[in-house]
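In case you want the letters, here they are:
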Amino acid sequence: MATISINIPDSLLIHMGGSIESITRESQYLLAAKLFEIGRISSGQAAETCDMNRIDFLLKVGQSGIAVTDLDKDELEWEIENA
C-alpha cells in the first residue's frame, strides 16, 4: 500500500487530542468515506483503505449519514416491492 504524507499544524493535533495513530486512523476513514460518497472508490476499496472489513465500513459510513446505496426511484420502488 502506498503512503501519503500531509502536514498538520501542532495546534490542530492538540485540538483533536489523541495520539498520532488515532488521528491517522480517523483521517484514513474520513478520506475513504468521502471518496466512497462521491463515487470515486467502491466500498471494498474504501474498507481496505482504512483497514476495515467491508461490512464494518458500510455500517460505520451509514451511521455517519452517508448513503450506502445509490438507487434511483424505480430501483428503490422495485427493491421495496420485492423485499
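What you are looking at is a predicted structure, and each value in this text was computed from that prediction instead of being measured.

### Topic: the overall build of the protein chain
Piece 1. Helix and strand content of the protein chain: five helices and zero strands.
Piece 2. For the protein chain, the α and β elements follow one another from N to C terminus as α-α-α-α-α.
Piece 3. Here the protein chain has a C-alpha radius of gyration of 16 Å; the compact-globule value for 83 residues is 12 Å, and the former is much larger.
Piece 4. Once the C-alpha set of the protein chain is aligned to its principal axes, its extents read approximately 55 × 25 × 20 Å.
Piece 5. Every one of the 83 residues in the protein chain was classed for burial, and the buried ones make up 17%.
Piece 6. Here the contacts in the protein chain between residues at least 6 apart in sequence split such that 30% fall between residues at least 24 apart.
Piece 7. Approximately 6700 Å² of the protein chain is accessible, and the part contributed by carbon and sulfur atoms is 54%.

### Considerations on the nonpolar core
Piece 1. With twelve residues, the main nonpolar core is built from Tyr29, Ala32, Ala33, Phe36, Ile41, Ala46, Ala47, Cys50, Phe57, Leu58, Val61 and Ile66.
Piece 2. Elements that contribute at least two residues to this core include exactly α2 (20-37), α3 (43-49) and α4 (54-63).
Piece 3. Top element by residues in this core is α2. It accounts for four residues.

About the criteria used
- Residues numbered from 1 in each chain as written.
- Predicted model: local features only at pLDDT ≥ 70, side-chain atom pairs only at ≥ 80, totals over all residues.
- Heavy atoms only, no water.
- Helix = DSSP H or I, 4+ residues; strand = E, 2+ residues; numbered from the N terminus.
- Rg over C-alpha atoms; globule rule 2.2 N^0.38 Å.
- Buried < 20%, exposed > 50% of the residue type's maximum accessible area, 1.4 Å probe, protein only.
- Contact = heavy atoms within 4.5 Å.
- Areas by Shrake-Rupley, 256 points an atom, 1.4 Å probe, with all protein chains shown as cover.
- Core = buried A, V, L, I, M, F, W, Y, C linked by side-chain atoms within 4.5 Å.

Bear in mind that shape data such as this cannot, by itself, settle questions of function.
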